[in-house]
Amino acid sequence: MSRIIKLNPVLTHNIWGGERLVKDFGYSIKPDENGNVKADDIGECWGISAHPSGDDTICGGEYDGMRLSELYDKHPELFGNEDRHYDRFPLLIKIIDAKDDLSIQVHPNDEYAKVHENGSLGKTECWYVLDCPEDGKLVVGHNAKSREELTDMIHSGRWSELIRELPVHKGDFIQIDPGTVHAIKGGILLLETQQSSDITYRLYDYDRLQNGKPRPLHIEQSIDVINVPAPSAEDSVRAIKDDNAVNDLEEMYSCKYYTVFHMVVDGEAFIDQKYDFMNLTVIEGSGSIDGESVKKGDHLILLSGIGKVAVCGKMKLVTSIA
């Protein structure tokens, strides 16, 4: 039986996307229906995903070519899920390249999404900044003191007063709880760990056009779910140091939906895979995992009950468990 599975990611074309996912990570783009390959607007790599909007395929081994959702449904024992405590693969791991600013947006929690979005999961997510310009910024939170003030600022278009931008650097970690106003700004490259949900309420999109038309906004849903007041800016961004993560998993954050770790591999080390399953992405360098060669941009799942896994080389990893 396979101890690990490797995934072929799904890439998405986005109005704000760029070229780094192709140039820096070596991901390949499928031709469109006319046989053309457009590689300068790739915004997201859905690296570990069983979501219907981007269901990855298994690469190699006994499950080669199978969709991750199918493998999860047919072989729950591989994910420590024989009792079905997750009715779907619970997490979604993305790498996001923002050549331009993403829309100002917010996500609902589980309770709101279940009622208003046909039983979907809500969307709790977090970001680990892989690269950014010296003056890099993210939108995290807002400045309204009450829901009345929030509503007034939104309906009167006072975006510069409402939106809170925070400086960020490579290696920063940001937790985005449901109800948090947020946006990735141009020039940022990051890894996102999130619930397996594709529900986004777009609050503001800079009045830009796509195919000659503005993209839809979700003003009333956004007002419904935005947390007021927003958490303090000081609690929003945390610098992650590599020193404690050399050849060992270092926890970056834990909540009820996921725990996220990072690891700097220098030589030979081991990961004790004692969890139901572990998602793993190589964000820098190359080496081997459980004897299989891996490189920057590879996405794997370490399956249930496999114990210690050898990792060798010079690379950086981000892993997560549900």
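Criteria and thresholds
- Residues numbered from 1 in each chain as written.
- Predicted model: local features only at pLDDT ≥ 70, side-chain atom pairs only at ≥ 80, totals over all residues.
- Heavy atoms only, no water.
- Helix = DSSP H or I, 4+ residues; strand = E, 2+ residues; numbered from the N terminus.
- Buried < 20%, exposed > 50% of the residue type's maximum accessible area, 1.4 Å probe, protein only.
- Core = buried A, V, L, I, M, F, W, Y, C linked by side-chain atoms within 4.5 Å.
- Contact = heavy atoms within 4.5 Å.
- Polar contact = N/O pair within 3.5 Å; in protein donor to acceptor, adjacent residues only side chain to side chain.

(A) Unusual backbone geometry, seen in detail. Look at the link from Val 228 to Pro 229: it is a cis peptide, with omega at -10°. Take Pro 229: it is sitting in the loop between helix H6 (219-225) and strand E18 (237-239). With a phi close to 55°, Asn 118 is a non-glycine residue in the positive phi region. Assignment of secondary structure puts Asn 118 in the loop between helix H3 (110-116) and strand E9 (125-131). The exposed category is assigned to Asn 118, whose relative accessible area is 80%.

(B) Inspection of the nonpolar core at higher detail. Grouped together as the largest cluster of nonpolar side chains are 39 residues, with contacts concentrated most on Leu 68, Phe 79, Phe 89, Ile 95 and Ile 301. For this core, the elements supplying multiple residues, two or more each, are strand E1 (4-8), strand E3 (42-48), helix H2 (68-74), strand E7 (91-98), E9 and strand E14 (188-195). Excluding anything up to four places from it in sequence, Ile 301 contacts Arg 3, Ile 4, Ile 5, Leu 7, Ile 48, Leu 68, Phe 79, Phe 89, Phe 277, Met 278 and Asn 279.

(C) Structural detail: the side chain of Ser 103. By the secondary structure assignment, Ser 103 is in the loop between E7 and strand E8 (104-106). Classification of Ser 103 by relative accessible area gives buried; the value is 3%. Here the side chain of Ser 103 touches Gln 105 through a polar contact of 3.0 Å, side chain to side chain. Leaving out residues up to four positions away in the same chain, Ser 103 has contacts with His 182, Ala 183, Arg 202, Tyr 204, Asp 205, Tyr 206, Arg 208 and Arg 215.

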